[in-house]
Amino acid sequence: MFRKLRLTACLTAALAVAALPVAGSAQELVIGTATGQTGGLAPYDGPAMQGFQIAVDEINAAGGIAGKFKIKLISKDTRSDAAQTSIAAQELIDSGISVLITPSDADPSFAAAALATDAKIPAFSPAASSPTLPMMGGDYMFANFPGDNVQATVSAEWATKQGLKNAYVLYSPDTQYTTLPLYFSDVFKKLGGNVAGEGTYTIGQQDFSAEVTKIKSMNPPVDVVMTAAYEPDFPAFIRQLRAAGVTAQVIGSDGIDSPTTFSLGAAAEGLVFSTAGHATPGSALEDFNKKFAVKYGKETDTIFSAIGYDLMKVIEAGVMKAGSTEPQAIRDAVAELENIKGVTSVITYKGTTGMPVRQVTLIRVKDGKRELVGQPSPTADLVPAPRMQ
Amino acid sequence: MTARTWIGTGGYVVFLIAAALIAASIGGSIERTLVVFFISLIAVLGMGVYSGNSGILSFGHLAFMGIAAYLSGILTMPVAMKKVTLAHAPTFLANAHLDFFSATVVTVLFVMAVALVVGVVISRLDGSSATITTLGLLVIVHGIIIGAREITRGSQSFFGVPRWTDITVAASCAVLAIVVARVFKDSVFGLKLRASRDDQLAAGAMGVNVRRQRLISWVLSAGLVAIAGVLIGHFLGAFSVKKFYFVDTFALLAMLIVGGMATVSGALAGAVLITLVSEFLRRIEGGVDILGYQTPQLFGTTQIGIGLIILLVMYKKSGGLLDRLELDEIVLPKLLKDRVATAARRSSPPVVPDGLLEAREITKAFDGLLALDKVSLALKSGEIVGLIGPNGSGKTTLLNVLSGMLPATAGTALIDGKDMTPLPAYRLASMGVSRTFQNIRLFGSMSVRQNVLVSALDKWPSSSTRSADAMVDLALETMKLESVAETQASTLSYGDQRRVEVARALALNPRFLFLDEPAAGMNREETDALMDDLKGLREQFGMGILIVDHDLPLIMRLCDRVVVLNEGHVIAEGEPQSVQKNPKVIEAYLGRKGSRQVAGTLTE
């Protein structure tokens, strides 16, 4: 019995120590990260935080932001769950952070956004691309990725230029991000194309035979299929689609910017997807990729690591402009940032409601490798307004 | 309810309030951790009300928590918010905007109604089939929440719920939950349900309608868990359907199992331990500074840690840390005995009306095997009838059929001319048929007094708990068990356990009492003492007694009449003297060869 008591006492003491507020000194910028290090978001949040860490290390090695604000990171895992995100974000806010990093998906980020707004602390999602996140999340919520509506516009414009006329879109109502194809539908129709059908699937669904049959039986035949499905749904879908003999152009979005997509062999050949950047020779991104390889001993295989790096650069620029680590000041400064040079793109927040203006990159899978299709800017009038869907 | 229970409950309440006050004064993350702890505690106590008392593990309670979180969230979310996030919700929900309290009441009632419907099915199932069905409930509700996109946003985040759960609300609800759970456990309902957990068959024979008791506790537990659901929804402000699925089911079950699910103390201990460990692990998994040394990030440690604790506790103590101990029962043992004064409440034996129990051509077949073949028998008030026969002759089967524990294949059983063949055991118990069991079936984890009280409470609520207590006193006194009244039944000696069986059967105040081998395993002195007691029973209470025993001298001296069964047939019936000389009986007992020898034994 006493042994049990002693154990309990030790645990309590340890817990109390672990729970002590860690508020930094005035010369320290405390950033709390509540990201999905385990669970479904780990393929995105994992690399994003690795890239983020590289930027933090660089900045601290150079004496901190503007040579005076050292960065201190407090990291928590949200298990890719909304409820856990809420708890982790609240704990971080309690411990006196100046900036909050939320998961790379809009859905769990909504949970953190409300808390950040109440606490008046700026919050950033590394790779959430739903434009509804800053719209619903309030003034303190920022995204760091080309919006779904922007990506969809770029893709639809490209498809139209290729002479593709009859589209089928496959989306999932399970998350905001996977409804991206509905924006594509809007733009494609505006450009004179026909949308033959809008199919739905459930995240985690492995059997797409019904959808594939529907696409195959369309008359006139579908010449472009657009989806924002990602792992494990996307590989299953495109394999089944190709196996059924459908040769239509498939367009995806940033969720499939992962090594898996390039290892699918013939099934993924010719696939085009929108993402946030491309490492052309001599580019800043190529430079970053080298740094990544040095730090982690392996090549980065996704754009999300660079996205994480860029996010820290955005925060750095904000703190520099604010000249302080005071959350409200940082928030106001970030909202006015213009032409920040990230490794993936030039980034501007000024004039937006939190969804940054950034380049969109179109990538084609060719011989199992990345091929740059282009980095076009969308026609502003065509970009659909963000909406909850 | 006893004074001790109330004092014990008060102790828990003081503990919770003290914890809440300390946390509130520290504030910040400690306060929030405690809010989550209180919510988990409410859920675990709720689950314990069902699982702890019925002994049936439930995986389904998170479904109730989920329904409650969503429904209350929809009811309290500002209408403007709903217009954006739940644009397609039905008008009456879209326009509903209730305050916290009303939303909680509406939600809890709704969840209890759902639980009632589901419970009608689940309460009919036993043990693991019930458990698996609760798992099905969890999966189905999960699917429904995802499917009901218009009001739940499917598997997307459900956000915009006002964050109204603070430490005061959480602590008050936890206090409510602990009082409800503790009071329920010692209530008439809890007592009967626990009896069925220890021995379902015996509980039925003592008049407990097991299904109804399970249903009552199921609905009540769903109500408590619903409160936890409302609180967690209004604490997080945003959640998704994942929150109410396997991971959290696992965490809450861990609290329930690690502490010991049978008791309120166990739920409390489990919730404290798991919360401490998981909060600790969750805080260090992100990496912490320990005296300048930075520990590495090891995300995922928390779940592994909880899993290891369960393994460790189950390996060392399969009943959980506290097993079946209730802290208040240990801390306040002699100080306040269950009983304050006994003498005052003693009553004279209640009057039992005369009656007649008849078996008419009862047949019982197990697949091809005919265990009873047209057996007829009568038992009058005030009569002691012996039922003998070789092993496998059908004696116990007959008792089982007559007490409603086995349905007869053919034939009828009547009480005072009324057909009672189709009635279940608990109904027969109320009609005055009581019994003991050949292989002792006591409610092992309960005290002797509680064992007897279960059957004494059969008449509750039409007769008071006070008169039930009086009945218990009488039964204990009759069987000379006063000195062991507070002892746990399973720890008694064999002979005493048999006496408890008789006392428990007596407390039903039966008109017909079946004793299945009451003297088995007793030595001569014990048997003689038992015989005196049984004779006393008839004089004192006037019931008819049907006794099965292999102790033939006992049967011969005790019984007015003897019925002999062999291979499912009645082969002889009559006064002991005539039966023991009956050649058929002698032959049945030792075959033709040894008949002379056994004749000697029988007449001895």
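None of these values were measured; they are calculated from a predicted model.

Basis of the calculations
- Residues numbered from 1 in each chain as written.
- Chains lettered and ligands numbered in written order.
- Predicted model: local features only at pLDDT ≥ 70, side-chain atom pairs only at ≥ 80, totals over all residues.
- Helix = DSSP H or I, 4+ residues; strand = E, 2+ residues; numbered from the N terminus.
- Buried ≥ 20, exposed ≤ 12 C-beta atoms within 10 Å, placed from the backbone.
- Contact = placed C-beta atoms within 7 Å.
- Domains from an automatic or database assignment.
- Nonpolar A, V, L, I, M, F, W, Y, C, P; charged D, E, K, R; others polar.
- Pairing = 2+ DSSP bridges.
- Axes fitted to C-alpha atoms, helices over the stretch in contact; angles between N-to-C directions.

Caption draft 1: Summary view of the overall build of chain B. From N to C terminus, chain B includes 26 helices and 14 strands. Each of the 604 residues in chain B was classed as buried or not, and the buried ones make up 52%. Residue pairs in contact within chain B that sit at least 24 positions apart in sequence constitute 75% of those at least 6 positions apart.

Caption draft 2: Just the domain arrangement of chain B, in detail. Residues and elements named next belong to chain B. Per the domain assignment, the segments of chain B are domain 1 (14–244), domain 2 (245–337), domain 3 (354–432 + 512–573) and domain 4 (443–509). Spacing between the C-alpha centres of domain 1 and domain 2 amounts to 21 Å. Of all elements in the fold, only helix 2 (28–54), helix 7 (127–147) and helix 9 (167–186) reach the threshold of two or more residues within the side of domain 1 that touches domain 2. In terms of residues, the side of domain 1 that touches domain 2 owes the most to one element, helix 2, which gives eleven residues.

Caption draft 3: Local environment of the interface of chain A and chain B. Every contact between the two is made by 33 residues of chain A and, on the other side, 32 residues of chain B. Listed by contribution, the elements that provide at least two residues to the side of chain A that touches chain B are helix 1 (2–19), strand 2 (70–77), helix 3 (82–94) and helix 4 (106–119) of chain A. Ranked by the residues each element gives to the side of chain A that touches chain B, the list is headed by helix 1 of chain A, at seven residues. Classifying every residue of the side of chain A that touches chain B by side-chain character gives 16 nonpolar, ten polar and seven charged.

Caption draft 4: Fine view of helix 10 (residues 188–198) of chain B. Residue and element names in this part refer to chain B. Burial analysis of helix 10 places nine of its eleven residues in the buried class, which makes it a mostly covered element. Buried residues of helix 10: Gly190, Leu191, Lys192, Leu193, Arg194, Ala195, Ser196, Arg197 and Asp198, and no others. Each element contacted by the buried residues of helix 10 is listed here: helix 2, helix 9, helix 11 (200–205), helix 12 (210–236) and helix 19 (448–456).

Caption draft 5: Layout of the sheet that holds strand 3 (residues 99–101) of chain A. All names here are of chain A. Pairing within the open sheet is parallel, and its five strands lie in the order 2-1-3-4-5. Only two strands of the sheet have a single neighbouring strand rather than two, namely strand 2 and strand 5 (141–142). When strand 1 (residues 28–35) meets strand 2, the two strands line up parallel, connected through eight bridges. Its bridge partner being in strand 2, Ile31 is matched across the sheet by Leu73. Strands strand 1 and strand 2 of the sheet are contacted by helix 2 (residues 42–61), whose axis makes an angle of about 160 degrees with strand 2.

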